[in-house]
Amino acid sequence: ATYTDFAAQHPRARGVGALRAKALIALRTQSEQTAREALARESTLTSLPPEPSPLAVLPVTISGDSPFQPLSRGLAELITSDLALVRSLRLLERVQIGVLLDELKLGQSQRGDPTTAARVGRLLRAERMVQGVASITPDGPVRLSASVVRGDGTVRSGAQANGTFKQLLDLEKQLVLGLAAQLGIQLTDAERQRILRQGPRNLAAFLAYSEGLDALDRGDYRAAAAAFGNA
């Protein structure tokens, strides 16, 4: 918190980039400890009611043997950033979710299982999880869908967006607006406009950014820095 607060107050200070990196590593270390403690206490946590407000966006399942697997993290990050603009929602950190999934050692197919999502939600003490699926081909149709899984395992589905690869960034916005409706949220005009304005406009930059997130979550900071530089 100290690192983050200082960086926010002094964004142009010398060495602030290294300070932000220290904040990220500290958050990851804390998340690893929290994940291990949650797994050790899983039977106890299962009997406790979830926190009423937190929402967790899980990595998006990229269907098939796709070269766009890094978009799993990138799309989840976009969805998280957009939903965070809704005042009534509190989003969990991407790092917290990713570290727990790593500790659980879940494969891609397991991550798309609503039962798994409900388990992850109980471990994170999150009441609701967003579980997305994307079918992406560079020259064919792109299909995005998302469900909201509650801690008791019930699933509410319905948010979808279909189009072409070039429209991917716009499709993500459509999906978020559909998710808001799924969650029973009546967006204000200001919230809707902020969601539509926020985020990347360059698809190549977003692909590079997604590769950076993927490398970051693997702990390959050199590859992450190169990908973020490309973005």
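### Structural notes on the overall build of the protein
Helix and strand content of the protein: eleven helices and six strands. The C-alpha radius of gyration of the protein comes to 18 Å, within 12% of the 17 Å expected for a compact globule of 231 residues. C-alpha extents for the protein along the principal axes are approximately 50 × 45 × 40 Å. Here the analysis covers contacts within the protein between residues at least 6 apart in sequence; of these, 60% occur between residues at least 24 apart. Carbon together with sulfur atoms contributes 50% to the accessible area of the protein, which is approximately 12,200 Å² in total. Across the protein, 28 positive and 23 negative side-chain charges occur, with their mean positions spaced 4 Å apart.

### Some remarks on unusual backbone geometry
Even without being glycine, Arg125 reaches a positive phi, approximately 60°. Positionally, Arg125 belongs in the loop between α7 (114-124) and β4 (126-135). Among the residues examined, Arg125 registers a relative accessible area of 22% and is labelled partly exposed.

### Thoughts on the confidence of the model for the protein
In the predicted model, the protein carries a mean pLDDT of 87, and the fraction of residues at 70 or more is 94%. Least confident of the elements in the protein is helix α6 (residues 108-111), whose mean pLDDT is 58; most confident is helix α11 (residues 221-230), at 95.

### Focus on the pairing of strand β6 (residues 155-164)
Of the strand pairs in this sheet, strand β5 (residues 141-150) and β6 are connected by nine bridges, and their pairing is antiparallel. Residue Ala146 lies in a different strand from β6, and its bridge partner there is Ala159. The hairpin turn running from β5 into β6, its antiparallel successor, is four residues long, and Gly153 in that turn takes a positive phi close to 95°.

Rules of the game
Residues numbered from 1 in each chain as written. Predicted model: local features only at pLDDT ≥ 70, side-chain atom pairs only at ≥ 80, totals over all residues. Heavy atoms only, no water. Helix = DSSP H or I, 4+ residues; strand = E, 2+ residues; numbered from the N terminus. Rg over C-alpha atoms; globule rule 2.2 N^0.38 Å. Contact = heavy atoms within 4.5 Å. Areas by Shrake-Rupley, 256 points an atom, 1.4 Å probe, with all protein chains shown as cover. Lys, Arg positive; Asp, Glu negative; His and termini not counted. Charge placed at Lys NZ, Arg CZ, Asp CG, Glu CD. Buried < 20%, exposed > 50% of the residue type's maximum accessible area, 1.4 Å probe, protein only. pLDDT = per-residue confidence, 0-100. Pairing = 2+ DSSP bridges.

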